[in-house]
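Analysis of the macromolecular model
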Amino acid sequence: MANLRFPLRPGLFAAVFATALLLCPQPKQAQPKHAPVAHGTDTIGLYDPVTSTFYLKNSNSAGPADLTFVYGPAGSGWIPIAGDWDGDGVDTIGLYDEAHTTFYLRNSNSAGVADLTFVYGTIDRPNRQVVTGDWNGDGIDTIGLNFDGSFFFLRNSNSAGPADITFDAYSECCLDIAGDWDGDRVATVGRYDRFAGEIRLKFTNADGHANLVYRYGPTNTDWKAVTGDWNGDGIDTAGLFDPSRNLFFLRNSNTAGVADLTFQYGPVGSGWIPIAGNWDGQ
Ligand SMILES: [Ca+2]
Ligand SMILES: [Ca+2]
Ligand SMILES: [Ca+2]
Ligand SMILES: [Ca+2]
């Protein structure tokens, strides 16, 4: 596995992972405690950090953006995020200013000012990563931070204040992700390890290692991860984005295997950042 050569064409990607399937032990798919409730499908988008423009798409396919708008200052280095900040069933965008650990959330996918602006976290804690999700199952997505790749501080409201949930998830390497992996309506955290080509998911926001680890994508890349409910079954799964080819690889189960949806979106080599959400509430 360590000798795989990338980049590959999408067809080769599929073939390689079909082979990888045979080599890797197959983890069990999580069994939902309750029947998952569908809330439509999540789709992808891109954020151009140079012009601070969002390009959101209402289908997981190649083609032009459905929604294009400028939000936030150009070239600021702020991090794009997405979530249903007001619980109306529509995910909208936001920006995180890491230098001032300040969030700027907007309740519509359009140009304009932030609806919610607040400071969360302390700037003296290094290596911050931001996550978003519905940590308490009330239908509203809120923010969270990870410090030093290990300590998570999740908040149940989009406002300044202390963390509601804190835990140590013992991981160092990785890009943080979040989603409702088991369909119980509560989002929990996970990691994408782009070096090992692994997705590591936790089913509770509590101390401890990942509950489910599986291989997905090539090893040793600069790929990004996105998460969402791509098929509307109420369970969030992972997807990967190859920035060198602007290819999305979305999978509909949290297991090793080939991508269910592969498509190119956005200009190749642009440095645009992938995000995902249900932009139209459908
Ligand atoms: Ca909303
Ligand atoms: Ca919530
Ligand atoms: Ca869950
Ligand atoms: Ca799903």
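Residue positions are given per chain, counting from 1 as you read along its sequence in written order. Naming scheme: in the order in which they are written, chains are lettered from A and ligands are numbered from 1. In keeping with the model being predicted, local features are shown solely for residues with a pLDDT of at least 70 and side-chain atom pairs are shown and tallied solely at 80 or more, while totals for entire chains, interfaces and linings include all residues.

**Description of the environment of leucine 67**
- For the purposes of this entry, the term helix denotes a DSSP run of H or I that reaches at least four residues, the term strand denotes a run of E that reaches at least two, and both are numbered from the N terminus. With respect to the helices and strands, leucine 67 occurs in strand β3 (residues 67-70).
- Linking leucine 67 and leucine 56, residues 11 residues apart in sequence, is a C-alpha distance of 5.0 Å.
- The contact partners of leucine 67, leaving out residues within four places of it in the chain, are Leu56, Asn109 and Trp279. We call two residues in contact when the distance between their C-beta atoms, placed using the backbone, is within 7 Å.

**Structural notes on the sheet that holds strand β6 (residues 102-105)**
- A pair of strands is labelled paired if DSSP reports no fewer than 2 bridges between them. Taken together, the four strands give an open sheet; going across it, the order is β4-β5-β6-β7, and neighbouring strands pair in antiparallel fashion. Bordering the open sheet on either side are β4 (79-83) and β7 (116-119), each of which pairs with just one other strand. Here the average twist between neighbouring strands, direction ignored, is 20°.
- Pairing of strand β5 (residues 92-97) with β6 involves four bridges; the strand directions are antiparallel. Paired with leucine 95 across the bridge in β6 is tyrosine 104. In this description, a line fitted to the C-alpha atoms serves as the axis of each element, helices being fitted only across the stretch in contact, and the angle between N-to-C directions of two axes falls anywhere from 0 to 180 degrees.

**Section: the sheet that holds strand β14 (residues 198-201)**
- With antiparallel pairing, four strands are arranged side by side in an open sheet as β12-β13-β14-β15. The two strands at the open ends of the sheet, each matched to only one other strand, are β12 (175-179) and β15 (212-215). Taken pair by pair, the neighbouring strands of this sheet meet at an average axis angle of 25°, ignoring direction.
- Here β12 pairs with strand β13 (residues 188-193) via five bridges, running antiparallel. Bridge pairing in β13 links glycine 179 to threonine 188.

**Quick look at the confidence of the model for the protein**
- Here the protein shows a mean pLDDT of 88. Residues at 70 or above account for 86%.
- Here residues 1-33 scores under 50 on pLDDT; set against residues more than four positions off or in separate chains, the count is 45 contacts. Residue-level confidence of the predictor is summarised by pLDDT, bounded by 0 at the bottom and 100 at the top.

**Some details on unusual backbone geometry**
- Although it is not a glycine, arginine 185 adopts a positive phi angle of roughly 80°.
- Mapping arginine 185 onto the fold places it in the loop between β12 and β13.
- By C-beta crowding, arginine 185 is classed as partly exposed, having 18 other C-beta atoms within 10 Å.
- The phi dihedral of asparagine 246 is positive, around 55°, even though this residue is not glycine. Exposure classification rests on a simple neighbour count of other C-beta atoms within 10 Å of a residue's own: a residue reaching 20 or more is buried, one at 12 or fewer is exposed, and one in between is partly exposed. C-beta atoms are placed from the backbone.

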